[in-house]
Structures are given as C-alpha cells and as structure tokens.
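Close look at the chain arrangement
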Amino acid sequence: MHKDGSTFPVDACVNNTVQGRFVLDTGATLTVIDPNPTRQLGIWRRNERTITLHTAGGQIQAPVSKGRSFRVGTAGIRNLDVVIHDLRYPMEMRGVIGLNFLNHFVVSLNSQ
C-alpha cells in the first residue's frame, strides 16, 4: 500500500470475483461501496436495511447490504456489512474501507 496524496488507495477483492480500488479511511465507521458496481460485485439490493450516515455534508439515508467476502491482500473477512452510497470519487475508486473491516486486524499506517 502506498500513500497517494492524502489518501491510501488499496486493491480489494469483493465476493472472490471482482478486484477494485478502495480508499482506506480510518475515520469511516463502515465500509462503503459505490452503487454502480454492486451488481457486478454480487451485492444485491434485496432485504437491505437503511441507516442514517453522518457525513461532512450532513445526514443521509443509505442502504446496508452484505458482502459475502471482502479481502485486502491476505487479510479478509466474510459477511461484511457494506453501505451502498454514491461517493463521487473518480471512476477507478469503488469505495471506502472503514473500521468495520479494519478492526479485525492490527493495522499500522505511516503517512510519511
């Protein structure tokens, strides 16, 4: 993983099928995936619950679904809750990796 400006972009694999670039965000409580690739990633918008997110732009409602698996390098977990929300990141970014993934591991970041 290499810092790119003020962000830490990483490659992640969702549902053992699709690789994508995600931003590692230690300030995000939950992992977020852009709605555009959710069908390709096998994350379906069925039986979802909706939660209130507190963002820099205010409160929003967003659906939460399950990713069967989520992996960064050799670190992976199953049945990760993912928020489906338009992040307005550049097209190559599929989402944000939040603390609900990171808290399963010992993570050390060096911003230098």
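It should be noted that the structure appears before, not after, this text.
Below is a summary of the structure that appears in this document. Because the structure is a prediction, the values reported are computed rather than measured.

1. Let's talk about the overall build of the protein chain
In terms of regular secondary structure, the protein chain is built from one helix and seven strands. Residues counted as buried form 40% of the 112 residues belonging to the protein chain. Contacts spanning at least 24 positions in sequence make up 57% of the contacts within the protein chain whose residues lie at least 6 apart. If you sum the accessible surface of the protein chain, you get close to 7,000 Å²; carbon and sulfur atoms cover 46% of it.

2. Topic: the pattern of salt bridges
The final tally for this structure, using the stated rule, is three salt bridges. The closest approach of N and O atoms between Arg 49 and Asp 81, which form a salt bridge, is 3.3 Å. Here the residue Arg 49 occupies a position in strand E4 (residues 49-55), and Asp 81 occupies one in strand E6 (residues 75-84), the gap between them amounting to 32 residues. Among the salt bridges present, the one from Lys 66 reaches Asp 81, with a minimum N-O distance of 2.8 Å. With Lys 66 in strand E5 (residues 58-72) and Asp 81 in strand E6, the pair connects residues that are 15 residues apart, well separated along the chain. By relative accessible area, which is 45% here, Lys 66 ends up partly exposed. Overlapping salt bridges, with partners in common, bring together Arg 49, Lys 66 and Asp 81 in one network.

3. With respect to unusual backbone geometry
Glycine aside, residues mostly have negative phi, and peptide bonds are mostly found in the trans state. Residue Asn 15 is not a glycine yet carries a positive backbone phi of 55 degrees. The backbone of Asn 79 shows a phi angle near 55 degrees, a positive value even though the residue is not glycine.

4. Brief notes about the pairing of E6
Note that strand E3 (residues 31-33) and E6 share three bridges and pair parallel. By the bridge assignment for E6, Thr 31 is matched with Val 82. Across eight bridges, the pairing between E5 and E6 is antiparallel. In the sheet register, Lys 66 faces E6, and the bridge partner there is Asp 81.

5. Quick look at the packing of aromatic side chains
Considering all chains together, one arrives at three aromatic pairs under this definition. A centroid spacing of 5.4 Å and a plane angle of 85 degrees characterise the contact between Phe 22 and Phe 70, whose relative ring orientation is edge-to-face. In this pair, Phe 22 is assigned in strand E2 (residues 18-24) and Phe 70 in strand E5, connecting sequence segments 48 residues apart. Assigned by exposure class, Phe 22 and Phe 70 land together as buried. Their ring planes at 65 degrees and their centres at 5.3 Å tell us that Phe 70 and Phe 101 sit as a pair that is edge-to-face. Within this pair, whereas Phe 70 is found in strand E5, its partner Phe 101 is found in helix H1 (residues 99-102), the two being separated by 31 residues in sequence. The pair Phe 70 / Phe 101 is uniform in exposure class, with both members buried. Linked through ring pairs, Phe 22, Phe 70, Phe 101 and Phe 105 together constitute an aromatic cluster.

About the criteria used
- Residues numbered from 1 in each chain as written.
- Predicted model: local features only at pLDDT ≥ 70, side-chain atom pairs only at ≥ 80, totals over all residues.
- Heavy atoms only, no water.
- Helix = DSSP H or I, 4+ residues; strand = E, 2+ residues; numbered from the N terminus.
- Buried < 20%, exposed > 50% of the residue type's maximum accessible area, 1.4 Å probe, protein only.
- Contact = heavy atoms within 4.5 Å.
- Areas by Shrake-Rupley, 256 points an atom, 1.4 Å probe, with all protein chains shown as cover.
- Salt bridge = Lys/Arg side-chain N within 4 Å of Asp/Glu carboxyl O.
- Pairing = 2+ DSSP bridges.
- Phe/Tyr/Trp six-rings, centres within 6.5 Å; stacked < 30°, edge-to-face > 60°.

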